[in-house]
Amino acid sequence: MLIKEIQTKLDSFQLYSIFKDKKNSFFLDSGMDYDKLGKYSFIGFDPIEIIKSKNDNIEIKKDGKTEKFKGDPFEALRKIINKYKMDYNTDIPFIGGLVGYLSYDLCHFVEDLPRTAIDDVDIPDMYFGVYDGIIAIDHRNEKVYIAILGVKNDEEELFNYIYGEIKSAEEKGLDIEIKYRDDKEDMEFKSNFETEEKYRESIEKVRSYIKSGDIYQANLTQRFECDLDIEPYDLYAKLRHINPAPFASFLDIDDLKIVSSSPERFIKIKDGIIETRPIKGTINRGSTKEDDEKNREILINSKKDQAELLMIVDLERNDLGKIAKTGTVDVTELFHLEEYSTVYHLVSTVVAEIDKKNDIVDCLKATFPGGSITGAPKIRAMEIIDELEPTQRNIYTGSIGYIGFNEDIDLNIVIRTIVCKNDKAYFQVGGGITWDSDPKLEYEETLHKAKALMDSLNK
């Protein structure tokens, strides 16, 4: 194992720019809140192994060879994790391991659910690269490290290569020019619901399910798509400037590019403690200081949003209880207000000590997908989501992040995220529907959440 601090004047985005064209590069980008949620960013490229799945078809690539078989993606993931598992402890939370995503549609390997929504984008349900040799940026202490565990490569040789690329870029002068759209007309965004009225009708259907006692709430979303006439890397550069977030990321995966500016953590596991941070309650930022403060107070005092968040906290407590030591589940934050460039959110934090009989895949299956983006009760809410949403969610409301060789995990909830494929951009937005929901206001909330994404695509 080799971990060395390096001296560089380049920031995290500049460092990623050096390696962005390398095979399967990733950037786990903490763009704000350096004292709490966004302490570190991570960069890597050229994985030593790749695992991906679609339905029950699993594919593993290593050393130029491809193995294909059928099975449960979670079990295949468990084998990869166990294959590389090693014990170590560092102050840096991630120094090597798996980086990638779990799509929402993996829920079908957790629960027996209907599957009628159309899969019209066709991306893998799961995709992880195994990385040995990463760059870690400590934002709070303004330090940069290169970490290599020596799973496959000689530590010194790989260190010299990565550091050499950085020094070469510094010596030549790293001039990053972000390209903007030539066409000044706003993009045309097409909803999978086609019209506002159809989306509002679906909200009414959710309310009817609530009235009949099927559910307490459900997260209903709509997907927008548009033509993509800029490079995804440039799109990400604009989005991270417009809407910095603590769980942002850029993944370069084959013909797929994922541009994410997520504010929400799904789960974090460290030293046997699991944490989840559901978001429920959103209001747009005001156009003036006075309006901004007014909206802030409205959200803080909103009984509807507090009730909605409380329901999800109870759901998350139940999920964590499945894999936790008895009596260890605790709510450490309940109605915490977080501010972002375009919206305010209400957030809670739930933690638990993991029972030693459970491994990290058990933890994933007990909690996936996140309760904040499904509803309560969770299974019935997911059935209703499949019924009412016209297209599969794919990566949206799944999770992006890392799984360390030491089994530490940090995964986000995939919201505020654009999927780029075949010169098209896809992104999804929604909200929790309760009996008190006003369909018109709920529709408008989706547009507030989409603002930063649309602004990035329009520039």
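Relevant structure appears above.
Residues numbered from 1 in each chain as written. Predicted model: local features only at pLDDT ≥ 70, side-chain atom pairs only at ≥ 80, totals over all residues. Heavy atoms only, no water.

## Points about the overall build of the protein chain
- Each helix and strand in the protein chain was counted, giving 10 helices and 24 strands.
- The C-alpha atoms of the protein chain give a radius of gyration of 21 Å, which matches the 23 Å a tight globule of 459 residues would have.
- With the C-alpha coordinates aligned to their principal axes, the bounding extent of the protein chain is approximately 65 × 55 × 40 Å.
- Considering the protein chain as a whole, with its 459 residues, one finds that 59% of them fall into the buried category. (Helix = DSSP H or I, 4+ residues; strand = E, 2+ residues; numbered from the N terminus. Rg over C-alpha atoms; globule rule 2.2 N^0.38 Å. Buried < 20%, exposed > 50% of the residue type's maximum accessible area, 1.4 Å probe, protein only.)

## Focus: the packing of helix 5 (residues 232–242) against helix 10 (residues 439–458)
- Where helix 5 contacts helix 10, the axes come no closer than 9 Å and their chain directions differ by 135°. The orientation of helix 5 relative to helix 10 falls into the category oblique. In the packing of helix 5 onto helix 10, the handedness of the crossing is right-handed. Every residue of helix 10 that contacts helix 5 at Leu 235, Lys 238, Leu 239 and Ile 242 is listed here: Ala 452, Leu 453, Asp 455, Ser 456 and Leu 457.
- Grouping the amino acids of the contact of helix 5 with helix 10 by side-chain chemistry returns six nonpolar, one polar and two charged. (Axes fitted to C-alpha atoms, helices over the stretch in contact; angles between N-to-C directions. Parallel < 35°, antiparallel > 145°, perpendicular 65-115°, else oblique. Left-handed = near helix turned anticlockwise from the far one by under 90°. Contact = heavy atoms within 4.5 Å. Nonpolar A, V, L, I, M, F, W, Y, C, P; charged D, E, K, R; others polar.)

## Focus on the side chain of Arg 416
- Tracing the backbone through its elements, the reader meets Arg 416 in the loop between strand 22 (409–412) and strand 23 (417–421).
- For the buried Arg 416, no salt bridge is present, and the opposite-charge side chain at shortest range is Glu 264, 6.9 Å distant.
- In this structure the side chain of Arg 416 is engaged in a polar contact, spanning 2.7 Å, whose partner is the side chain of His 345. (Lys, Arg positive; Asp, Glu negative; His and termini not counted. Salt bridge = Lys/Arg side-chain N within 4 Å of Asp/Glu carboxyl O. Polar contact = N/O pair within 3.5 Å; in protein donor to acceptor, adjacent residues only side chain to side chain.)

## What to know about the packing of aromatic side chains
- Throughout the structure, instances matching the rule amount to 20 aromatic pairs.
- Residues Phe 189 and Phe 427 carry aromatic rings whose centres are separated by 5.8 Å and whose planes lie at 75° to one another, so their mutual orientation is edge-to-face. Of this pair, Phe 189 sits in the loop between helix 3 (155–172) and strand 11 (190–191) while Phe 427 sits in strand 24 (residues 424–433); the two residues are 238 residues apart in sequence, bridging distant segments of the chain. The burial state of Phe 189 is the same as that of Phe 427; both residues are buried.
- Within the aromatic cluster, the residues linked to one another by ring pairs are Tyr 16, Phe 27, Tyr 236 and Phe 250.
- The ring of Trp 435 carries the charged tip of Arg 207 above its face, separated from the ring centre by 4.1 Å. (Phe/Tyr/Trp six-rings, centres within 6.5 Å; stacked < 30°, edge-to-face > 60°. Lys NZ or Arg CZ within 6 Å of the ring centre and 35° of its normal.)

## Details of the pairing of strand 21 (residues 399–404)
- Of all six residues making up strand 21, six are buried, and the element is well covered by its neighbours.
- The sheet contact formed by strand 7 (residues 97–102) and strand 21 spans six bridges and is antiparallel. Across the sheet, the residue bridging to Gly 97 is Gly 404, located in strand 21.
- Inspection of the sheet shows strand 21 paired to strand 22 by three bridges, in the antiparallel sense. (Pairing = 2+ DSSP bridges.)

## Side note on the side chain of Lys 421
- With respect to the helices and strands, the residue Lys 421 is situated in strand 23.
- One buried charged side chain, Lys 421, makes no salt bridge at all; its nearest oppositely charged neighbour is Asp 255, positioned 4.4 Å away.
- Discounting residues that sit within four places of it in the chain, Lys 421 has contacts with Val 121, Asp 122, Ile 123, Asp 255, Leu 256 and Tyr 426.

## Thoughts on the nonpolar core
- Grouped together as the largest cluster of nonpolar side chains are 78 residues, with contacts concentrated most on Phe 26, Phe 42, Leu 77, Tyr 101, Leu 102 and Ile 274.
- Looking at which element gives the most residues to this core, the answer is helix 2 (residues 73–84), with six residues.
- Of all hydrophobic cores here, the second largest spans 46 residues; its members include Met 187, Tyr 233, Ala 248 and Val 259. (Core = buried A, V, L, I, M, F, W, Y, C linked by side-chain atoms within 4.5 Å.)

## Examining helix 10
- End to end, helix 10 covers 27 Å across 20 residues, agreeing with the expected 28 Å (1.5 Å per residue, within 8%).
- Helix geometry: helix 10 is bent most strongly at Ala 450, by close to 50°. (Expected span 1.5 Å × (residues − 1). Bend = angle between axes of the 7 residues up to and from the residue.)

## Remarks on unusual backbone geometry
- Note that the residue after Phe 368, namely Pro 369, is joined by a cis bond; omega there is -10°.
- Turning to its location among the elements, Pro 369 is positioned in the loop between helix 8 (360–367) and strand 20 (375–376).
- Of the consecutive residues Ala 376 and Pro 377, the connecting peptide bond is found in the cis state with omega at -10°.
- Looking at where Pro 377 falls in the secondary structure, it is placed in the loop between strand 20 and helix 9 (378–388).
- Residue Glu 194 is not a glycine yet carries a positive backbone phi of 75°.

## A closer look at helix 6 (residues 289–300)
- Between the first and last C-alpha of helix 6 there are 17 Å, a value that for 12 residues agrees with the 16 Å anticipated at 1.5 Å per step.
- Those residues of helix 6 that fall on the buried side of the exposure criterion are Asp 292, Asn 295 and Leu 299. Across the axial projection of helix 6, the buried residues extend over an arc of 65°, all falling on one side. Away from the buried face of helix 6 by more than 90 degrees, exposed residues Lys 289, Glu 290 and Lys 294 are located.
- Those residues of helix 6 that are buried lie in contact with strand 17 (279–284), helix 7 (303–321), strand 18 (330–339) and strand 19 (343–353). (Arc of directions from axis to C-beta.)

## Side note on the environment of Thr 391
- Here Thr 391 lies in the loop between helix 9 and strand 21.
- Thr 391 sits in the buried class, given a relative accessible area of 7%.
- Counting along the chain gives 273 residues from Thr 391 to Ile 118, while the straight-line C-alpha distance between them is 4.4 Å.
- Apart from residues no more than four positions distant in its own chain, Thr 391 is found in contact with Ala 117, Ile 118, Asp 120, Asn 192 and Arg 223.
- Reaching out from Thr 391, the side chain makes a polar contact with the side chain of Asn 192 at a distance of 2.8 Å.

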